[in-house]
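For reference, the chains in residue letters:
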2 protein chains.
Amino acid sequence: MPNPTAAMLVIGDEILSGRTRDSNMHFLAGELTKHGVDLKEARVVADNSPAIVAALQELSARYDHLFTSGGIGPTHDDITADCVAEAFGQSIHVRDDAFALLDAYYKAEGREFNAARQRMARIPEKATLIDNPVSIAPGFTVENVHVMAGVPSVFQAMVASVLPGITGGAPLLSQSLTIQRGEGDLAGPLGELAAEFSDLSIGSYPFQKNGAFGANIVIRGTDGARIDAAMTKLAEVFA
Amino acid sequence: MPNPTAAMLVIGDEILSGRTRDSNMHFLAGELTKHGVDLKEARVVADNSPAIVAALQELSARYDHLFTSGGIGPTHDDITADCVAEAFGQSIHVRDDAFALLDAYYKAEGREFNAARQRMARIPEKATLIDNPVSIAPGFTVENVHVMAGVPSVFQAMVASVLPGITGGAPLLSQSLTIQRGEGDLAGPLGELAAEFSDLSIGSYPFQKNGAFGANIVIRGTDGARIDAAMTKLAEVFA
């Protein structure tokens, strides 16, 4: 059975303006690979309601899972929850379960649970909450869409809360070999290897270091023995 | 006149598997912002021909410019040029201009200009070449799509070659203020400020440092005097 598929949607003007360098996509990619879920596509859109709604609908329809990051805080530019409700035709209001979590947290902290913070308890009616051990304000899952925070420490904690509930496939395994020759010298034999081992994915990632050309060859697949066989052959060819 | 719009398409399995953390999107975002081009969307797709062709067609139709990175080297997994040709209904073959550049380069280097390297001279028939001062193999522009390498040093050099030929708008200006309070305490006044200065984009980026909550407030726009006015008001409110 093929692995389940996934997409990621990063939401935030700050990524597209170049102010912030996203790190959540790279983190999620690694976690999904370990869990046996194939990340097929990632997108970044601005804090713009029509753009977010369209991407939510398109990606959730096309893949088994959609993971989002960003836009679920208390400020005026946090519009993700409303967009998810709109995309799935659900109502959205301050929910008792999320309200209770946040109310208890701010009481214990001695900080005001004001109207802005109560906005973080606005959750689509049929969503299930995603645990946030870092700063309590929950993420949520609506159908196959997992809505998480943009702050990396919170995003990572939410991914850890969500992944155990998702059925993964065979983890993607990989081996790599660094070859100290220009990629153009490797391309011929590498193409033959890729044709012979068409069940594996063979990637070539060139680099230039201290004036010398080289490439990291990465062989990926779910069958460790096949990867071993391809890697042995690769090593022989370039010995 | 509004600024021209752009999208970016990052092509490569290695980003989606979590092996490599993309840096080209962040670099391009910053350069476009300085140049007065609004990056509206970014996508990452795998080394998969139908996925690449569909994204090329969709994004080039929707935005004024599309910038791509990755998949133009000499190996079997480098399929971007063929996908661009297919997306725009152009033929693709080894072109004399690109061949001559590469031939001279490899002769001077004393390295073999073999069949794999000649693949890098395969360029769609109506493309114009993008200069690559780092490793010579050119990028190219087809209609409004600028096709560039994935290796960051080469990508950056190609962006420097392409941008001067693109008419930009007013550069996006920004000012930021760090406020040492929880985002929930800022959200109310910030929402009012955003409503008053609706011609500006006001973003709030929370952080937690040494146990204390804070947020960086970023005000962006093309009119420096308006940003000054909003920033003055912001500073007054939180003085």
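Everything numeric in this text was worked out from a predicted model, so none of it was measured. Positions within a chain are numbered from 1, following the residues in the order the chain's sequence is written. Chains and ligands are labelled sequentially in the order written, the chains with letters from A and the ligands with numbers from 1. The predicted origin of the model limits local features to residues at a pLDDT of at least 70 and limits the giving and counting of side-chain atom pairs to 80 or more, whereas totals for whole chains, interfaces and linings rest on all residues.

Peer 1: Go over helix α8 (residues 183-196) of chain A, please, and point to the residues and values.
Peer 2: Compared with the 20 Å implied by 1.5 Å per residue over 14 residues, the 19 Å span of α8 of chain A between its first and last C-alpha is a close match. The bend at a residue is defined as the angle formed between two axes, one fitted to the seven residues ending at that residue and one fitted to the seven starting there. Secondary structure elements are defined from DSSP: runs of H or I of at least 4 residues count as helices, runs of E of at least 2 residues count as strands, and each element is numbered from the N terminus. The largest bend along α8 of chain A measures about 35° and falls at P189 of chain A. Labels follow a simple rule on C-beta atoms placed from the backbone: if 20 or more others lie within 10 Å of a residue's own, it is buried; if 12 or fewer, it is exposed; otherwise it is partly exposed. Every buried residue belonging to α8 of chain A is among E183, G184, L186, A187, L190 and L193 of chain A, and all of these are buried. What counts as a contact here is a pair of residues whose C-beta atoms, placed from the backbone, lie within 7 Å. The inward-facing, buried residues of α8 of chain A abut β9 (173-179), β10 (201-209), β11 (212-221) and α9 (224-237) of chain A together with α6 (115-118) of chain B. Expected span, for any helix, means 1.5 Å times one less than how many residues it has.

Peer 1: Explain helix α4 (residues 80-87) of chain A to me, using residue names and the numbers behind them.
Peer 2: All names here are of chain A. Here α4 lies mainly inside the structure; six of its eight residues are buried. Regarding α4, the residues found buried are T80, A81, C83, V84, A85 and A87. Two residues or fewer after α4 comes G89, characterised by a positive phi angle close to 60°.

Peer 1: So, the interface of chain A and chain B: which residues are in play, and what are the values?
Peer 2: If you look at the interface, chain A gives 48 residues, while chain B gives 48 residues. With eight residues, the single largest contributor to the side of chain A that touches chain B is α8 of chain A. Partitioned by chemical class, the residues of the side of chain A that touches chain B number 19 nonpolar, 17 polar and 12 charged. Here, any two strands with at least 2 DSSP bridges between them count as paired. Here strand β2 (residues 38-45) of chain A runs beside strand β2 (residues 38-45) of chain B; their pairing, made up of five bridges, is antiparallel. Each residue receives one of three labels: charged for Asp, Glu, Lys and Arg, nonpolar for Ala, Val, Leu, Ile, Met, Phe, Trp, Tyr, Cys and Pro, and polar for the others, Gly being one of them.

Peer 1: An account of the sheet that holds β11 of chain A is needed here, citing residue identities and associated values.
Peer 2: Consider a sheet: its strands pair through backbone hydrogen bonds, and that pairing is either parallel or antiparallel. Residue and element names in this part refer to chain A. Pairing is antiparallel across the open sheet formed by three strands, whose spatial order is β9-β11-β10. Of all strands in the sheet, those bounded by a partner on one side alone are β9 and β10. Direction aside, the axes of adjacent strands within the sheet are offset by 20° on average. What counts as an axis is a line fitted to C-alpha atoms, over the stretch in contact for a helix, and the angles between N-to-C directions run from 0 to 180 degrees. Each of β9, β10 and β11 is contacted by α8, which is oriented at about 170° to β10, the strand it contacts most. Running over the sheet, α9 touches β9 and β11 and is turned about 10° from β9.

Peer 1: Could you give me a rundown of the pairing of strand β10 (residues 201-209) of chain B, with the residues and numbers involved?
Peer 2: Within a regular beta strand, the side chains point alternately toward one face of the sheet and then the other, so they alternate between its two faces. Residues and elements named next belong to chain B. Pairing between β10 and strand β11 (residues 212-221): nine bridges, direction antiparallel. Bridging from a neighbouring strand, K209 pairs with A212 of β11. The antiparallel hairpin formed by β10 and β11 contains two residues in its connecting segment, where N210 sits at a positive phi of about 50°.

Peer 1: Can you tell me about the domain arrangement of chain A, naming the residues and giving the values?
Peer 2: Each domain span listed reflects an automatic or database assignment of domains. As assigned here, chain A comprises domain 1 (5-165) and domain 2 (173-237). Of note, the centres of domain 1 of chain A and domain 2 of chain A, computed from C-alpha atoms alone, are 37 Å apart.

Peer 1: Outline the relation of the copies chain A and chain B, listing residues and values.
Peer 2: Overlaying chain A with chain B gives an RMSD of 0.0 Å, the required rotation being 180° about an axis along which the chain moves by 0.0 Å. The relationship between the two copies is best expressed as a two-fold rotation axis. Residue R43 of chain A of chain A places its C-alpha closer to the rotation axis than any other residue of that unit, at 2.1 Å. Most of the interface of chain A is mirrored in chain B: 100% of its interface residues are interface residues there too. When the copies are superposed, the least-squares fit draws on C-alpha atoms of residues that have pLDDT of at least 70 in both.

Peer 1: Describe the pairing of β2 of chain A, naming the residues involved and giving the relevant values.
Peer 2: Residues and elements named next belong to chain A. For β2, the tally of buried residues reaches six of eight residues, placing the bulk of the element in the interior. Bridging between strand β1 (residues 5-11) and β2 involves seven bridges; their strand directions are parallel. Bridge pairing in β2 places A6 opposite L39.

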